[in-house]
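Take a look at the letters that make up each chain.
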Amino acid sequence: MTIAASVNGKAVTFEGEGDTPLLWAIREELGLTGTKFGCGIAACGACTVHIDGEAVRSCSMPIEMVAGKAIRTIEGLKKPDGTLHAVQQAWIAAQVPQCGYCQSGQIMAAVALIERTGQPSDAQVDEAMTNICRCGTYPRIREAIRTATGQAAIAVQGDA
C-alpha cells in the first residue's frame, strides 16, 4: 500500500501495510528520529506529532489514516533559517529536560496547545499536557509554556 501525505511541508509517500504505525514510517522510512518510541500503546506521549494541527500519538496511528494529511514532527518546528520555535527556546531557558527522552513529544503537545488556545490557562495546560515525564519536570514544563506565550511575568505575580 502506498500512502501519500505531507511531512514538515514536503510531499512524501509511505510504503507498507495500512496498519503500520506512523511512528515507524516517520523513523524508518523518512529517517526523522526526533519522534521517540516510548510505550507503543499511546499512553506516554513520547511519539507525539501533529496531524493537521492536532497532537496525535503516532505509535498507534496507522499510516492508512494519514493519507492526504499534513504531518509535523519535532524536526518541522524549526524555521527555515534554523531558528528554534518559541516553545523550544522556552524549553531551553527553563531547563526543562533532564533525561530528555520525552521532550520532543512534550514540546509537540505544548505547541499544539498554544496554537489552539493562544495563551492557555493552567487548567488548559493540565488538561492538554498528558504526556508522561519520568523525571517529573512538570513545573518546568508549565514555566516554559508560560514563557513561550508571554505569560511568565503574569504567572509570577499570580503565584506570589
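If you're wondering where the values come from, they're calculated on a predicted model, not measured in any experiment. (Residues numbered from 1 in each chain as written. Predicted model: local features only at pLDDT ≥ 70, side-chain atom pairs only at ≥ 80, totals over all residues. Heavy atoms only, no water.)

### Some remarks on the environment of Asp 126
At step 1: Considering the arrangement of structural elements, one finds Asp 126 in helix 4 (residues 122-128).
At step 2: You can call Asp 126 partly exposed: its relative accessible area is 48%.
At step 3: Separated by 16 residues in the primary sequence, Asp 126 and Arg 142 place their C-alpha atoms 8.8 Å from one another.
At step 4: Here the side chain of Asp 126 touches Arg 142 through a polar contact of 2.3 Å, side chain to side chain. (Helix = DSSP H or I, 4+ residues; strand = E, 2+ residues; numbered from the N terminus. Buried < 20%, exposed > 50% of the residue type's maximum accessible area, 1.4 Å probe, protein only. Polar contact = N/O pair within 3.5 Å; in protein donor to acceptor, adjacent residues only side chain to side chain.)

### Focus: the nonpolar core
At step 1: Formed by 19 residues in total, the largest nonpolar core has its most connected members in Val 87, Trp 91, Ile 107, Met 129 and Ile 145.
At step 2: When residues of this core are traced back to their parent elements, those giving at least two are helix 2 (86-93), helix 3 (103-117) and helix 5 (138-148).
At step 3: Here this core gets seven residues from one element, more than from any other, and that element is helix 3.
At step 4: With residues near it in sequence (within four places) discarded, Ile 145 still touches Trp 91, Ala 110, Ile 114, Pro 120, Val 125 and Met 129. (Core = buried A, V, L, I, M, F, W, Y, C linked by side-chain atoms within 4.5 Å. Contact = heavy atoms within 4.5 Å.)

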